[in-house]
Amino acid sequence: LKYTKAKGGLSYWDELSDKKSRMLYDVIDGSDGFYNCPVEKPCRSRMNVPFTIGGGDEALEKKFLEEAKKVKLYTLAGHRSVGGCRASIYNGMPVEGVEKLS
């Protein structure tokens, strides 16, 4: 609580969440369909950003996940029932990690 107050309160976390999710969604939306978010824009989460690569190309997504681990980006695999990828960018994920992913 002291840390949050020192950072400026809840508005700090709100602005940071917006910034991090916007960074990823901008890359996804600007990729001409190479990356795709299956969630309609008004319903998108700021904490979990799901996406597919190459139209859901499983081999390409597997390669992406392998390469991500090489730069210390882990647990990007999507839920096993839907596949794809998912970036969880909760408060503990620093902006630098999101920058590396985007």
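Coordinates for the structure precede this section.
Values in this document were obtained by computation on a predicted structure and should not be read as measured data.

**A word on helix α3 (residues 58–70)**
And then number 1: With 13 residues, α3 should cover 18 Å at 1.5 Å per step; its first-to-last C-alpha distance of 19 Å lies within 8% of that length.
And then number 2: When we look at burial in α3, the residues that qualify are Glu61, Phe64 and Ala68. The buried residues of α3 occupy one face: seen down the axis, they fall within an arc of 55°. Relative to its buried face, α3 has exposed residues pointing more than 90 degrees away, namely Ala59, Lys62, Lys69 and Lys70.
And then number 3: On its buried face, α3 is in contact with β2 (48–53), β3 (85–88) and α4 (95–101).
And then number 4: A positive backbone phi angle near 65° is found at lysine 72, which sits one or two residues after α3.

**Points about the pairing of β3**
And then number 1: Alternating residues of β3 divide into Cys85 and Ala87, all buried, and Arg86 and Ser88, none buried.
And then number 2: Bridge count between β2 and β3: 4 bridges; the pairing is antiparallel. Note that in β3 the partner of asparagine 48 across the bridge is serine 88.

**Concerning helix α2 (residues 10–29)**
And then number 1: Relative to the 28 Å expected for 20 residues at 1.5 Å per residue, α2 spans 28 Å between its end C-alpha atoms, a close match to the ideal helical length.
And then number 2: Among the residues of α2, those classed as buried are Trp13, Leu16, Ser17, Lys20, Ser21, Met23, Leu24, Tyr25 and Ile28.
And then number 3: In this fold, the buried residues of α2 make contact with α1 (2–7), β1 (35–36), β2, β3 and α4.

Each value, and the rule that gives it
- Each chain has its residues counted from 1, following the order in which its sequence is written.
- Selection of residues for local features in this predicted model requires a pLDDT of at least 70, selection of side-chain atom pairs for listing and counting requires 80 or more, and totals for whole chains, interfaces and linings are taken over all residues.
- Excluding hydrogens and water, the side-chain figures rest on all heavy atoms present in the structure.
- Segments assigned H or I by DSSP are reported as helices when at least four residues long, segments assigned E as strands when at least two residues long, and all are numbered from the N terminus.
- Given a helix with a known number of residues, its expected span is that number minus one, times 1.5 Å.
- Accessibility here uses a 1.4 Å probe with only protein chains present; expressed as a share of the type maximum, an area under 20% marks a residue as buried, one over 50% as exposed, and anything in between as partly exposed.
- Think of the arc as the fan of directions from the helix axis to the C-beta atoms.
- By definition, residues are in contact when any of their heavy atoms lie within 4.5 Å.
- We call two strands paired when DSSP finds no fewer than two bridges between them.

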